[in-house]
Amino acid sequence: MSTQFAPLKNDTFLRALMRQPTDYTPLWLMRQAGRYLPEYRATRAQAGSFMGLATNPDYATEVTLQPLERYKLDAAILFSDILTVPDAMGLGLSFAEGEGPRFAHPLRDEKAVMALRAPDLSSLQYVFDAVTQIRKTLDGRVPLIGFSGSPWTLACYMVEGRGSDDFRTVKSMLYDRPDLMHHILKTNAAAVAAYLNAQIEAGAQAVMIFDTWGGALADGVYQEFSLAYMREVIAQLKREHDGVRIPCIVFTKGGGLWLEEIADSGADAVGLDWTVNLAQARAKVGHKVALQGNLDPNVLFAKPDQIHAQVERVLQSYGRPEAGQGHVFNLGHGISQFTPPESVTALVDAVHSISRRMRA
Ligand code: CP3
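Residues numbered from 1 in each chain as written. Predicted model: local features only at pLDDT ≥ 70, side-chain atom pairs only at ≥ 80, totals over all residues. Heavy atoms only, no water.

Caption draft 1: Quick peek at the site of the ligand. The full set close to the ligand counts 22 residues, and Arg31, Arg35, Tyr40, Arg44 and His333 are the nearest of them. Here an oxygen atom of the ligand and a backbone polar atom of Gln32 are 3.2 Å apart. With respect to the ligand, the backbone of Ala33 contributes an N or O atom lying 3.2 Å from an oxygen atom. When the ligand is considered free in solution it has 870 Å² of accessible area, and contact with the protein chains removes 88% of it. (Near = heavy atom within 4 Å. Polar contact = N/O pair within 3.5 Å; in protein donor to acceptor, adjacent residues only side chain to side chain. Areas by Shrake-Rupley, 256 points an atom, 1.4 Å probe, with all protein chains shown as cover.)

Here it is, written out as structure tokens:
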């Protein structure tokens, strides 16, 4: 089944991901729809909760478009969360006000782990409905990004039952019972691949895998317990839909030391946090993948002239774009809820104007 959507008016983001020449460096921001925007907080209050927003396609569409109404961003990202997948696996997700996510039924013993199954995708239909409605409402303005957590990052929340400073519980299982951990990761990889493919069929024009906690793993352990499963997901992804290439971005926060291996995962682009030197990253893997990143989100707490200077540093560090290499500007991690909205105006203007000047 194929749905007809309006043709794209701004394909700069997709071109950069495919390492084709662009007139300027495209940008979007991780967590661009969120609490730093007063209009988001208002819609969230109306919906009653985060899940109230995410499970209602009208609300999800509204908040996805909010940052695009304010700023000239070059991509939209589906408003949802990575934890919808374990929720659909029966773990019982909730977001208490002022706290992070919680699972009512974390995976703590062999019985719970062995009972885990990839979810019936019909229980995530609200996500696919949101994708289609957002894509229609965008009317070709900019491309829509779909996303998922990595198998390992999902496992962190599924075993811990919540966020963690040290990942003691999930790492205990990893070291004590690697067989159980591999069972979770294998199940998650199948779930994530099916989930992303369903988003692509619903209208997502690029997909991103968030491996927020891969960087918490030891060298060697990362490759076996996170990267291998992301590679398994990528190998199963639909890379084309309705005759159009669907690029895939992988982002391991703290993964800079494994850059070459991540660039060999089969992804089209690699997301980088702010600890990575873009010039060195480009020299190592720029002929193979596009790079996405990597401004420190805390730069947005500085004054507009300092934001401009730091954007210039990032763009100069990447250097002059050339055909066969691609850069998508982003933050090195999600935007803070305390960010002044005016800072984002300064950021977007700086990225577009400096990167145009660099091509002149
Ligand atoms: O980027 C976007 O604008 C799209 C939406 C999006 C959300 N979460 C919405 C959200 C995306 C891409 C995510 C991904 C996500 N969720 C990740 C990976 C990326 C990253 O930031 O590392 C992770 C680890 C999660 C899990 C999660 N969801 C946590 C830990 C929290 C609570 C902490 C926090 O920052 O609030 C959430 C809640 C959440 N997901 C919010 C939003 C806008 C805030 C909820 C609220 O409105 O109260």
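Caption draft 2: Examining the pattern of salt bridges more closely. Within this structure, the stated rule accounts for 13 salt bridges. Close ionic contact of Glu39 with Arg70 constitutes a salt bridge, the shortest N to O distance being 2.7 Å. Of this pair, Glu39 sits in helix 2 (residues 38–47) while Arg70 sits in helix 4 (residues 57–70); the two residues are 31 residues apart in sequence, bridging distant segments of the chain. Look at Glu39 and you get partly exposed, because its relative accessible area is 24%. Accessibility expressed as a relative area gives 38% for Arg70, which makes it partly exposed. One salt bridge connects Glu232 with Lys186, and the closest N-O pair in it is separated by 3.2 Å. Note that Glu232 is positioned in helix 11 (residues 221–236) and Lys186 in helix 10 (residues 178–202), a separation of 46 residues in sequence. By relative accessible area, Lys186 is classed as partly exposed at 47%. One continuous salt-bridge network, built from bridges that share partners, spans Glu110, Arg177 and Asp179. (Salt bridge = Lys/Arg side-chain N within 4 Å of Asp/Glu carboxyl O. Helix = DSSP H or I, 4+ residues; strand = E, 2+ residues; numbered from the N terminus. Buried < 20%, exposed > 50% of the residue type's maximum accessible area, 1.4 Å probe, protein only.)

Caption draft 3: Broad picture of empty space enclosed by the protein. Evaluation of the coordinates by the stated rule reveals one cavity of 30 Å³ or more. Its volume calculated, the largest cavity comes out at about 50 Å³. Looking at the lining of the largest cavity, the elements that each hand over two or more residues are helix 12 (259–263) and strand 9 (269–271). Along the lines of polarity and charge, the residues of the lining of the largest cavity split into five nonpolar, five polar and one charged. (1 Å grid on protein atoms, 1.4 Å probe; cavity = no way out; pocket = protein on both sides within 12 Å on 5 of 7 lines; lining within 4 Å. Points joined across faces, edges and corners; volume = space filled by probe spheres on them. Nonpolar A, V, L, I, M, F, W, Y, C, P; charged D, E, K, R; others polar.)

Caption draft 4: Broad picture of the side chain of Ser150. With respect to the helices and strands, the residue Ser150 is situated in the loop between strand 4 (144–149) and helix 8 (151–160). Within the structure, Ser150 has its side chain in polar contact with the side chain of Asp211 (distance 2.7 Å). Among residues more than four places away in sequence, those in contact with Ser150 are Ile209, Phe210, Asp211, Ser226 and Met230. (Contact = heavy atoms within 4.5 Å.)

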